[in-house]
Amino acid sequence: MKSTGKRVSKIHQDKNFYIISLLTLMAILGGTIYNPALPTIANFFNVSSDRVSLVSTLFQFPGTIVTPIFGVLADTFGRKQVLVPSLLVFALGGALSGFAPNFRSLVEWRILQGIGTASLESLQLTIISDLYTGKKLTSVMAFVASLNGISSAIFPLIGGLLASFSWRYPFLTSLFAIPVAVMVLTTMKLPKQEHSVQNFQLKPYLKNTWRSINNRQVFGLLFAIMSLFMLQVGACLTYIPIFAGTKLGASEPVIGIILTSLSLSLALVASQLGLLTRHFSQIQLIKISFILSGLGLLIVPTVNNVWLLLIPIFFLGAAQGIAFPSTQALLAMLSSQESRAGFMGINSTIQSWGQTLGPLLGSIVDAIWGTQAVFYASAVFSFASFFVLNAVLTNSVTRLK
């Protein structure tokens with residue numbers, strides 16, 4: 001790629017940085033802000049709790065399939081040419097969900113919105129990788145992780161407030177993606193891609209993408225990503241609320257505070273990643289994160305007071321806060337410029353599969369041995385992941401040409 005504009009030395013003076021932040025918020029918005037409205041939706045359409053969960057499941061599902069396809073299209077036609085339509089589809093699907101006359105229409109429009117969302121996170125990470133290098137790349141990835149944590153804590157609160165007026169209102173917030181699409185189209189300045197659509201050949205592209213992936217370090221980092229999201233969504237976001245409610249008698253507002261604390265600890269630690277990288281390499285931080293996760297998960301089932309959960313919650317949030325931006329920055333360094341969007345699309349797909357497998361495996365352990373066993377099994381998995389990564393990942397990462 002060739003740069004089309006003057007580099008901005010300070011991130012806070014870079015318009016691209018603010019647009020990337022808005023993309024981050026859009027990627028989180030569609031999967032979080034409607035959650036408080038789910039019980040109301042179930043009552044409104046007279047559906048069971050397992051059926052209303054389709055509002056979430058079918059929104060996430062497209063990302064497990066089509067994300068790499070959008071990556072190929074972004075490498076072929078350009079980042080904006082895929083990102084702008086994705087934002088508009090996201091806005092359209094969300095708005096139509098808000099006006100759905102029946103439950104079937106609601107889940108169908110959520111699938112459409114999920115298709116629009118599928119490319120947002122991977123293209124956001126791709127654009128960050130296109131624009132920044134070195135310590136600035138790590139700083140921006142850390143900020144994105146921090147923003148993820150903060151927005152994941154705040155959006156459900158906003159959604160709950162809007163849902164108190166009508167369950168439809170949280171879905172209508174997706175219309176904010178329209179002005180974001182306009183800013184991407186008119187204001188964002190991206191490096192110019194050297195190859196053209198006419199010169200694109202699928203076989204060399206796929207070979208180049210595979211060459212980027214077929215690397216011991218990449219496999220190790222992708223394993224870390226999948227493990228991280230399995231633990232985050234399975235043990236943390238699914239089974240900590242179940243444990244708090246059934247074993248400790250916590251109310252829904254208290255559980256909400258506990259989950260908000262997880263997001264805030266993630267954001268706090270991610271914001272300090274620049275300081276941590278002065279003392280530890282990113283590879284070391286990733287390995288340390290699995291030790292922290294294992295310790296936190298071992299503590300959870302021993303707790304007999306709901307507020308004491310804040311102790312393991314801090315360990316778990318800290319682990320996610322240092323691991324996610326570190327893995328994303330290293331994967332960006334290891335990606336080939338010619339197939340970076342496809343590469344990061346595979347990265348996002350691995351995240352989606354981790355989010356899917358975590359609750360599934362947790363439910364199997366729960367059915368056989370009980371809820372507390374989920375945390376012990378997850379702790380064992382976390383420590384095992386540490387040993388795998390210790391064997392696979394070295395402290396030096398070489399950028400692919």
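Here the structure is a predicted model, which is why all the values come from computation and not from measurement.

Some thoughts on empty space enclosed by the protein
Argument step 1. Taken as a whole and judged by the stated rule, the model has 1 cavity of 30 Å³ or more.
Argument step 2. When its volume is computed, the largest cavity comes out at roughly 40 Å³.
Argument step 3. Around the largest cavity sit Leu 29, Gly 30, Ile 33, Tyr 34, Phe 90, Arg 110, Gln 113, Pro 170, Phe 171, Thr 173 and Ser 174, which together line it.
Argument step 4. Contributing elements (two or more residues each) for the lining of the largest cavity: helix 1 (15-32), helix 7 (103-117) and helix 10 (169-172).
Argument step 5. Counted by class, the lining of the largest cavity contains 6 nonpolar, 4 polar and 1 charged residues.

Some details on the packing of helix 13 (residues 216-246) against helix 16 (residues 282-299)
Argument step 1. Here helix 13 crosses helix 16 at 25°, and the two axes come no closer than 12 Å. Of the possible angle classes, the one that applies to helix 13 and helix 16 is roughly parallel. Relative to helix 16, the crossing made by helix 13 is left-handed. Contacts between helix 13 and helix 16 involve Leu 221, Ala 224, Ser 227, Leu 228, Leu 231 and Ala 235 on the former and, on the latter, Ile 286, Phe 290, Ser 293 and Leu 297.

Thoughts on the pattern of salt bridges
Argument step 1. Under the definition given, this model contains 2 salt bridges.
Argument step 2. Taking the shortest distance from any N to any O, the salt bridge between Asp 130 and Arg 79 comes out at 2.9 Å. Highlighted residues: Asp 130 in helix 8 (residues 120-131) and Arg 79 in helix 6 (residues 79-98), separated in sequence by 51 residues. The two residues Asp 130 and Arg 79 agree in class, both being buried.
Argument step 3. Taking the shortest distance from any N to any O, the salt bridge between Glu 108 and Arg 104 comes out at 3.0 Å. Taken together, the residues span about one helical turn, with Glu 108 and Arg 104 both in helix 7 at a distance of 4 residues.

About the thresholds
- Residues numbered from 1 in each chain as written.
- Predicted model: local features only at pLDDT ≥ 70, side-chain atom pairs only at ≥ 80, totals over all residues.
- Heavy atoms only, no water.
- 1 Å grid on protein atoms, 1.4 Å probe; cavity = no way out; pocket = protein on both sides within 12 Å on 5 of 7 lines; lining within 4 Å.
- Points joined across faces, edges and corners; volume = space filled by probe spheres on them.
- Helix = DSSP H or I, 4+ residues; strand = E, 2+ residues; numbered from the N terminus.
- Nonpolar A, V, L, I, M, F, W, Y, C, P; charged D, E, K, R; others polar.
- Axes fitted to C-alpha atoms, helices over the stretch in contact; angles between N-to-C directions.
- Parallel < 35°, antiparallel > 145°, perpendicular 65-115°, else oblique.
- Left-handed = near helix turned anticlockwise from the far one by under 90°.
- Contact = heavy atoms within 4.5 Å.
- Salt bridge = Lys/Arg side-chain N within 4 Å of Asp/Glu carboxyl O.
- Buried < 20%, exposed > 50% of the residue type's maximum accessible area, 1.4 Å probe, protein only.

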